[in-house]
Amino acid sequence: MENAVEYQFETEMSAYRFLNTVKHVDAEGLKVKFGRSDHHVSVKYRYVVGVFDSTLSTLDDLARELGGEEVA
């Protein structure tokens, strides 16, 4: 199952840091790119079915550390 989430940051630099850090997260089928603007980062990955998948929690924590938040 594929999951997609987008994060918004106050600055382009924070978004870029998040983008580059997330590229190294161990997640199945991970795709990371800028989203709606250079202040947004779009992340897609395949959710592991049948086991606890902490990927979204990891992404949320990292975004929060860099001043970002999930957007709809």
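Residues numbered from 1 in each chain as written. Predicted model: local features only at pLDDT ≥ 70, side-chain atom pairs only at ≥ 80, totals over all residues. Heavy atoms only, no water.

Moving on: helix H2 (residues 55-65). Every buried residue of H2 is listed here: Thr55, Leu59, Leu62 and Ala63. Around the axis of H2, the buried residues are gathered within 100 degrees of arc, so they sit on the same side. Among the exposed residues of H2, those pointing more than 90 degrees away from its buried face are Arg64 and Glu65. Considering only its buried residues, H2 is in contact with strand S1 (2-8), helix H1 (12-22) and strand S3 (40-46). One or two residues past the end of H2 sits glycine 67, with phi positive at roughly 80 degrees. (Buried < 20%, exposed > 50% of the residue type's maximum accessible area, 1.4 Å probe, protein only. Helix = DSSP H or I, 4+ residues; strand = E, 2+ residues; numbered from the N terminus. Arc of directions from axis to C-beta. Contact = heavy atoms within 4.5 Å.)

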